[in-house]
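Residues per chain, in single letters:
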Amino acid sequence: QVQLVESGGGLVQAGGSLRLSCAASGLPFSSYSMGWFRQAPGKEREFVAGISYSATNTAYADSVKGRFTISRDNAKNTMYLQMNSLKSEDTAVYYCAADRGFIGWVKRSGVAYDYWGQGTQVTVSS
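First, a word on what this report is: a plain description of the structure on this page. For clarity, every value in this text was computed on a predicted model and none was experimentally measured.

## Digging into the pattern of salt bridges
Where charged atoms from two side chains of opposite charge come close, those side chains can pair.
Reasoning step 1: The final tally for this structure, using the stated rule, is six salt bridges.
Reasoning step 2: A salt bridge links E46 to R38, with the nearest nitrogen and oxygen atoms 2.7 Å apart.
Reasoning step 3: Looking at E46, the relative accessible area reads 34%, which means it is partly exposed.
Reasoning step 4: A residue is classified by how much of its surface remains accessible, and R38, at 5% relative accessible area, is buried.
Reasoning step 5: Residue K107 is joined to D99 by a salt bridge in which the shortest nitrogen-to-oxygen separation is 3.4 Å.
Reasoning step 6: Connected through shared salt-bridge partners, R38, E46, R67 and D90 make up one network.

## A few points about the nonpolar core
Reasoning step 1: If you look at the biggest cluster of nonpolar residues, it comprises 29 residues, and the most contacted ones within it are M34, W36, M79, L81, M83 and Y94.
Reasoning step 2: If you list the elements that add at least two residues to this core, you get β3 (18–25), β4 (33–39), β5 (46–51), β7 (68–73), β8 (78–83), β9 (92–99) and β11 (120–125).
Reasoning step 3: Dropping the residues within four chain positions of it, M34 is found in contact with L4, C22, F29, G50, I51, I70, R72, M79, C96, A97, A98 and Y113.
Reasoning step 4: Among the nonpolar cores identified, the runner-up in size contains six residues, and F37, A59, A97 and Y113 belong to it.

## A few points about unusual backbone geometry
Reasoning step 1: Residue A55 is not a glycine yet carries a positive backbone phi of 70 degrees.
Reasoning step 2: Note that A55 resides in the loop between β5 and β6 (58–60).

## Digging into the sheet that holds strand β1 (residues 3–7)
Reasoning step 1: Strand order in the open sheet made by the four strands is β1-β3-β8-β7, with antiparallel pairing throughout. Strand pairing shows two members of the sheet lacking a second neighbour, β1 and β7, which therefore form its edges. The mean angle between the axes of side-by-side strands here comes to 15 degrees, regardless of whether they run parallel or antiparallel.
Reasoning step 2: Sheet topology note: the β7/β8 ladder contains six bridges and is antiparallel. Across the sheet, residue T69 finds its bridge partner in β8, namely Q82.

## Digging into the packing of aromatic side chains
Reasoning step 1: Scanning the entire structure with this criterion turns up five aromatic pairs.
Reasoning step 2: Through a chain of ring-to-ring contacts, three or more aromatic side chains come together here, namely F37, F47, Y113 and W116.
Reasoning step 3: Positioned over the ring face of F37 is R45, at 5.9 Å from the centre of the ring.
Reasoning step 4: Over the aromatic face of F29 sits the side chain of R72, whose NZ or CZ is 4.4 Å from the ring centroid.

What counts, and at which threshold
Residues numbered from 1 in each chain as written. Predicted model: local features only at pLDDT ≥ 70, side-chain atom pairs only at ≥ 80, totals over all residues. Heavy atoms only, no water. Salt bridge = Lys/Arg side-chain N within 4 Å of Asp/Glu carboxyl O. Buried < 20%, exposed > 50% of the residue type's maximum accessible area, 1.4 Å probe, protein only. Core = buried A, V, L, I, M, F, W, Y, C linked by side-chain atoms within 4.5 Å. Helix = DSSP H or I, 4+ residues; strand = E, 2+ residues; numbered from the N terminus. Contact = heavy atoms within 4.5 Å. Pairing = 2+ DSSP bridges. Axes fitted to C-alpha atoms, helices over the stretch in contact; angles between N-to-C directions. Phe/Tyr/Trp six-rings, centres within 6.5 Å; stacked < 30°, edge-to-face > 60°. Lys NZ or Arg CZ within 6 Å of the ring centre and 35° of its normal.

Purely geometric numbers; function is a separate question.
See the structure below:
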């Protein structure tokens, strides 16, 4: 019923750029806050960026501030993550998540999100 599908991952050299997309279906997308999380090999899942349902508020992990930009297009039921100046440390599986709380701020804890995509691999060569 609810489906989140990530796309746009791939292999890129350090310093390069990549744009991830998350297409949502089966939920009132415009009422959901959205977030990106990632999990690197041998590491715990971590918050990357989030955006409120209205796109009024955004939040970023310190490690990606100034390099990544989160956005959403509610008309297309799609969220994006523009990743610039990529580093080898950014290598991970990136997951799209949806929060049905209908709030105007971003939650940074993964447990607060209700739906998850299957992930897309981002590999940054060093």
